[in-house]
Amino acid sequence: MSADRLHGDTANLKSSQSRALQRLGERRVPADRVVSAALTRDLLDLSHQLGRQLGLFIDRRGQVEAVILGDAHSLSLPEFARVRGALGRLRGIRLIVTHLVPDPLTREELADLAKLRLDLVAAVHRGPAGIQLDLASLTPAPPRAAEVFTIRTWPRVPVSTLSPDLSTRPDEQTPPRPARPTSRSTSPASSASSRPGWSPPPPTRGPRRAAPRPPRW
């Protein structure tokens, strides 16, 4: 990712943290999802590590257009050029922002949604119920309204609702169930073989007599 797509004060970051921010700008999101599970998890992990809010501008193709580094409570969004075309046209960009505590969208974030004509703004956070998301979008205003768009907020939902691959982490997958034991013979030999310390009897020596087979385990 080019340096001009990373916005915010990076002066006091470690080199590993700067590289992690750069890698966020190289990620992609499926076009039919608000945000992917893996990206949400990595974004929150880095945000908590830094103790600062992070934001991503993502276009409708799922490409990360910008990475924004804020402070513990807010983001300062970069300037956009004016939207081309009719007044009712949205920008084609969505904003994903981290919250360090499970607070709802702020008035400033809702104001940015309307002012910049973003497709939507989503705040992700981690709490007792796991990773959840607060979402707001723009809808056409009623006829003869002063504004072109009105803001619609949506109920808080788990991110897994919008991104099903978040259901489990790779290290939290359910272990495979052990195979059901097959039926075994209930002969005295097989029953004895299950007792601790039991071992097969030695072969019987004698003329013209074959050694007995050991019991099946």
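Residues numbered from 1 in each chain as written. Predicted model: local features only at pLDDT ≥ 70, side-chain atom pairs only at ≥ 80, totals over all residues. Heavy atoms only, no water.

Enquirer: It is not clear to me how the nonpolar core should be interpreted in this structure. Could you clarify?
Expert: With 27 residues, the main nonpolar core has Leu21, Leu24, Leu54, Leu56 and Ile96 as its most contacted residues. Listed by contribution, the elements that provide at least two residues to this core are α1 (15-24), α2 (37-50), β2 (54-59), β3 (64-69), β5 (120-127) and β6 (130-140). With five residues, the top contributor of residues to this core is α2. Once you skip the residues sitting within four places of it in the chain, Leu56 turns out to touch Leu24, Leu39, Leu43, Val64, Ala66, Val67, Ile68, Arg94, Leu95 and Ile96. (Core = buried A, V, L, I, M, F, W, Y, C linked by side-chain atoms within 4.5 Å. Buried < 20%, exposed > 50% of the residue type's maximum accessible area, 1.4 Å probe, protein only. Helix = DSSP H or I, 4+ residues; strand = E, 2+ residues; numbered from the N terminus. Contact = heavy atoms within 4.5 Å.)

Enquirer: Explain the packing of α1 against α2 here, please?
Expert: The geometry of a pair of packed helices is captured by two quantities: the angle between their axes and the separation between those axes. Where α1 contacts α2, the two axes come as close as 11 Å, and the packing angle between them is 155°. Between α1 and α2, the angle falls in the class roughly antiparallel. As for the relative orientation of α1 and α2, their crossing is left-handed in sense. Contacts between α1 and α2 involve Gln17, Ala20, Leu21 and Leu24 from the first element and Leu39, Leu43, Leu46, Gln49 and Leu50 from the second. Its residues assigned to classes, the contact of α1 with α2 shows seven nonpolar, two polar and no charged. (Axes fitted to C-alpha atoms, helices over the stretch in contact; angles between N-to-C directions. Parallel < 35°, antiparallel > 145°, perpendicular 65-115°, else oblique. Left-handed = near helix turned anticlockwise from the far one by under 90°. Nonpolar A, V, L, I, M, F, W, Y, C, P; charged D, E, K, R; others polar.)

Enquirer: I'm lost on the pairing of β2 in this one. Help?
Expert: On any regular strand, side chains alternate: one points to one face of the sheet, the next to the other face. In terms of burial, β2 is a largely internal element, six of the six residues being buried. Side chains Leu54, Leu56 and Ile58 of β2 all project onto a buried face; the interleaved residues Gly55, Phe57 and Asp59 project onto the opposite face, where all are buried too. With five bridges connecting them, β2 and β3 associate as antiparallel partners. Residue pairing in the sheet places Phe57 in a bridge with Ala66 of β3. Here β2 folds back onto β3 in antiparallel fashion, the turn holding four residues, of which Gly62 has a positive phi close to 90°. (Pairing = 2+ DSSP bridges.)

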